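Chains, contacts and geometry: an overview
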Amino acid sequence: MTRIYSRLEKILLPFKTLVIIGSYWGDEGKGKIIDLVAPFYDAVARFSGGAGAGHTLITELLRKFIGHLIPCGVAHKIMCFLARGEFFDLARFIAEKADAFRAMDGKLPPIRIDRQSPLWTPWHPIYESYIEYVMGKKKVRTTGKAIGILSGFAKLRISLLVGHLFMDEKDLRALLRILYKVCKPNFDQMIEEGIIRKRDVPGPDKVAKYLLKMAPEIKDDVIDTSWALSNLWKRGKRILLEGAQAIGLDPQWGTYPYVTSGNCTAAGAALGTGLPPEATTNIMAVFKILPTRVGAGPFPSEVWDRDKAERWAEKHPELFEEGRTRNRFLEKKLAKINAGTATPAELCQYFMVLGDERGATTGRGRSIGLPDLQWLRYMIRINKPKFLALTRFDMLSGVRSIQVVTGYKLDGRRLKPDEMPEPWRLGEVEVITQTWRCWSEDISGCDSFDELPEGAQRFIKRLEKALGVPIVLVGTGAERDAVIVRPTA
Ligand code: GDP
Ligand code: IMO
Ligand code: MG
């Protein structure tokens with residue numbers, strides 16, 4: 001790691017803060033990148049999302065940890081904050097902290113939670129399932145962690161906040177009664193329609209008891225995280241700001257209504273932490289070489305049908321296990337891809353298996369798309385990243401060529417380079433593609449850009465030129481050290 005860190009230092013040292021965001025529809029490898037850069041920071045704050053996110057990191061001892069709520073700097077013993085922009089689920093947090101404790105051999109840094117983050121109750125997922133039920137075929141296919149409801153109740157000004165757990169019990173119960181009263185007509189309808197049973201809905205007293213039993217576990221860690229972060233920033237401390245999801249899932253800039261409900265763009269870093277916008281202008285956008293999407297919603301460069309991809313992954317767990325069956329499957333499919341005879345289904349299946357593209361939170365198969373320059377240019381327009389981190393670049397090794405989306409056409413007109421149509425028409429765009437040659441060599445052990453095969457170098461330079469932002473990190477595997485650092489000139 002020494003060489004990697006010394007190259008990283010040159011890139012990161014000038015910037016006291018760094019915001020890390022996703023570029024497509026999530027699962028780009030934000031967790032790994034955060035874990036990689038964390039040693040250069042004194043603190044890390046998650047500014048958005050909630051338990052629906054799943055950020056994977058592989059520790060030095062090759063242990064896997066998935067951060068749903070806890071930021072990925074946790075493996076480096078730097079101060080961790082769950083900032084105000086993050087939706088908080090107490091039971092899941094306690095379980096995840098225990099998980100982190102095991103993965104990090106009992107050495108955890110302080111983990112602070114914002115006192116004003118919206119708080120999950122057992123009513124939230126019931127309400128979410130009601131909305132998904134009403135939407136029927138148009139449902140969002142959420143992660144089931146009630147993110148939309150947490151956000152919605154907060155916007156309606158009837159949410160419980162984390163700090164409410166520590167106020168006078170009678171005030172807490174009064175707030176719970178209001179929330180219950182708002183939810184009840186929908187719950188009654190669900191009971192009447194046989195979607196849930198009466199006993200599935202706890203009353204306010206039961207919910208109060210449930211939450212208050214767990215509250216002491218976090219009492220000493222609940223603070224005003226904005227105050228703490230602001231003090232660190234003013235003292236010149238270095239802060240890493242961890243985003244969740246990605247622009248495609250942002251409620252304003254993504255493919256509404258097929259989105260999550262936290263702020264996924266770089267602007268969310270200031271909103272979610274209380275740091276001033278001027279503290280959040282150094283942005284690194286993470287993009288995976290082949291975008292993926294889970295749940296519902298448009299995905300212009302998608303290779304195969306989403307539902308079919310998901311069902312297929314579910315039906316073939318054996319192909320996702322290391323071993324001969326998997327290797328033979330990959331060999332056969334790759335031969336067909338390179339012979340130009342693979343169907344879109346086979347192309348998708350090859351990359352799903354190769355990359356173990358299954359959700360870190362839900363386990364659902366992730367549907368694969370082609371590299372999409374039109375989307376990335378839009379992402380760059382909204383976020384203006386200083387740097388790009390390209391992950392999963394190893395997925396293209398051995399593939400002769402790949403189609404790259406260079407533009408969209410709608411109603412016979414080619415859209416401007418960073419233009420995006422209304423989300424409800426995004427499914428109608430015709431993608432314009434170009435064939436880009438790849439390389440045949442394995443790149444997993446490559447330590448520097450110069451060590452990469454010529455074809456891989458050319459691919460990166462071509463991407464960089466098309467996007468106009470330096471690609472400073474290139475992921476070549478899931479492990480912490482499987483990365484190439486490219487210092488900027
Ligand atoms: P996040 O939600 O953006 O943090 O991403 P996830 O953790 O949900 O999914 C990314 C997956 O890709 C994880 O399984 C990572 O271990 C893996 N990963 C990250 N970077 C690379 C890479 O460069 N190459 C490969 N092969 N896997 C990677
Ligand atoms: P990370 O941070 C990928 C998707 C869900 C669904 C939609 C709304 O790991 O990249 P929600 O439960 O948030 O209301 O679901 O968003 N989704 C994600 N997809 N990665 C994530 O997080 C996601 N978080 C939510 O599948 O389509
Ligand atoms: Mg994820």
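Presented here is a report on the structure given in the accompanying data block.

**Side note on the overall build of the protein**
Across its full length, the protein holds 15 helices and 17 strands. The C-alpha atoms of the protein give 23 Å as radius of gyration, which agrees with the globular expectation for 489 residues (23 Å, within 12%). With respect to the principal axes defined by its C-alpha atoms, the protein has extents near 70 × 55 × 45 Å. Long-range contacts, defined as pairs at least 24 residues apart, comprise 76% of the intrachain contacts of the protein with a sequence gap of at least 6. For the protein, the accessible area works out to roughly 21100 Å², and carbon and sulfur atoms hold 52% of it. Averaging the positions of the 73 positive and the 58 negative side-chain charges in the protein gives two centres separated by 1 Å.

**Notes on the coordination of the magnesium ion (ligand 3)**
By definition of the ideal shapes, four donors in a tetrahedron about a metal sit 109.5 degrees apart, and six donors in an octahedron sit 90 or 180 degrees apart. Those protein atoms acting as donors to the magnesium ion (ligand 3) are D27 (OD) and G54 (O), and they sit at 2.0 to 2.2 Å. Here the residue D27 occupies a position in the loop between β1 (17-22) and α2 (30-37), and G54 occupies one in the loop between β2 (43-46) and β3 (55-58), the gap between them amounting to 27 residues. Residue D27 is classed as partly exposed on the basis of its relative accessible area, which comes to 22%. Relative accessible area serves as the criterion here: at 11%, G54 is assigned to the buried category.

**Let's talk about a nonpolar patch on the surface**
Taken together, the side chains of Y133, V134 and I195 present a nonpolar region at the surface, about 270 Å² in accessible area. Judged by relative accessible area, which is 33%, I195 ranks as partly exposed.

**Quick notes on the packing of aromatic side chains**
Going through the model one piece at a time under the given rule, you end up with 18 aromatic pairs. The interplanar angle of 35° and the centroid separation of 5.2 Å between the aromatic rings of W123 and Y180 together place this pair among those described as tilted. Of the two residues, W123 sits in helix α4 (residues 123-135) while Y180 sits in helix α6 (residues 169-192), which places them 57 residues apart along the sequence. A residue is classified by how much of its surface remains accessible, and W123, at 0% relative accessible area, is buried. Their ring planes at 65° and their centres at 6.5 Å tell us that W312 and F320 sit as a pair that is edge-to-face. Among the aromatic residues, those joined into a cluster by ring pairs are Y24, W25, F299, W375 and Y378. Residue placement shows R238 over the ring face of Y41; its charged tip is 4.9 Å from the ring centre. Cation over ring: R486 sits above F449, and NZ or CZ is 4.3 Å from the ring centre.

**Examining the environment of A100**
Residue position: A100 is located in helix α3 (residues 90-103). Each C-alpha atom of the pair A100 and C72 lies 10.0 Å from the other, and the pair is 28 residues apart in sequence.

**So, the site of ligand 1**
Around ligand 1 there are 18 residues in total, and K30, G31, T56, R392 and D394 lie nearest to it. At 2.7 Å, a side-chain N or O of D394 approaches a nitrogen atom of ligand 1. Here ligand 1 has 590 Å² of accessible area as a free molecule, and 92% of this is covered by the chains. Listing elements by their share of the shell around ligand 1, those giving two or more residues are α2 and β3. At three residues, α2 tops the list of elements feeding residues into the shell around ligand 1. Of the residues assigned to the shell around ligand 1, the class counts are two nonpolar, nine polar and seven charged.

**Considerations on the nonpolar core**
Ranked by size, the top nonpolar core spans 80 residues in total, and within it F393, F459 and L463 carry the most contacts. Counting only domains with at least three residues in this core, you end up with domain 1 (2-113 + 222-288) and domain 3 (306-368). Leaving out residues up to four positions away in the same chain, L463 has contacts with F287, I289, L373, L390, W436 and I471. Counting 75 residues, the second-largest nonpolar core is a separate cluster that includes F40, V74, A146 and V472.

**Here we look at helix α12 (residues 344-354)**
Most of α12 sits out of view: eight of its 11 residues are buried. Listing the buried residues of α12 in full gives A345, E346, C348, Q349, Y350, F351, M352 and V353. On its buried side, α12 packs onto α10 (306-315), α11 (324-339), β11 (367-368) and β13 (401-410). Looking one or two residues beyond α12, the residue adopting positive phi is D356, at roughly 45°.

**Some points on the side chain of S301**
Tracing the backbone shows S301 in the loop between β10 (292-293) and α10. Look at S301 and you get buried, because its relative accessible area is 2%. Of note is the side chain of S301, whose polar atom sits 2.8 Å from the backbone oxygen of L370. Non-local contacts of S301, meaning those with residues more than four positions away in its chain, are made with P291, I368, G369, L370, D372 and V405.

**Focus: the pairing of strand β4 (residues 64-67)**
What you see with β4 is a clean split: F65 and G67 sit on the buried side and K64 and I66 on the side with no burial. Looking at chain direction, β3 and β4 are connected through four bridges and run antiparallel. Across the sheet, H55 pairs through a bridge with G67, a residue of β4. Count of turn residues in the β3/β4 antiparallel hairpin: five residues, of which L62 carries a positive phi of about 60°.

Procedures and definitions
Residues numbered from 1 in each chain as written. Chains lettered and ligands numbered in written order. Predicted model: local features only at pLDDT ≥ 70, side-chain atom pairs only at ≥ 80, totals over all residues. Heavy atoms only, no water. Helix = DSSP H or I, 4+ residues; strand = E, 2+ residues; numbered from the N terminus. Rg over C-alpha atoms; globule rule 2.2 N^0.38 Å. Contact = heavy atoms within 4.5 Å. Areas by Shrake-Rupley, 256 points an atom, 1.4 Å probe, with all protein chains shown as cover. Lys, Arg positive; Asp, Glu negative; His and termini not counted. Charge placed at Lys NZ, Arg CZ, Asp CG, Glu CD. Donors = N, O, S within 2.8 Å, 3.2 Å for Na, K, Ca; no water. Buried < 20%, exposed > 50% of the residue type's maximum accessible area, 1.4 Å probe, protein only. Patch = residues over 30% accessible without salt bridge, like charges linked within 9 Å, V, L, I, M, F, W, Y side chains within 5 Å. Salt bridge = Lys/Arg side-chain N within 4 Å of Asp/Glu carboxyl O. Phe/Tyr/Trp six-rings, centres within 6.5 Å; stacked < 30°, edge-to-face > 60°. Lys NZ or Arg CZ within 6 Å of the ring centre and 35° of its normal. Near = heavy atom within 4 Å. Polar contact = N/O pair within 3.5 Å; in protein donor to acceptor, adjacent residues only side chain to side chain. Nonpolar A, V, L, I, M, F, W, Y, C, P; charged D, E, K, R; others polar. Core = buried A, V, L, I, M, F, W, Y, C linked by side-chain atoms within 4.5 Å. Domains from an automatic or database assignment. Pairing = 2+ DSSP bridges.

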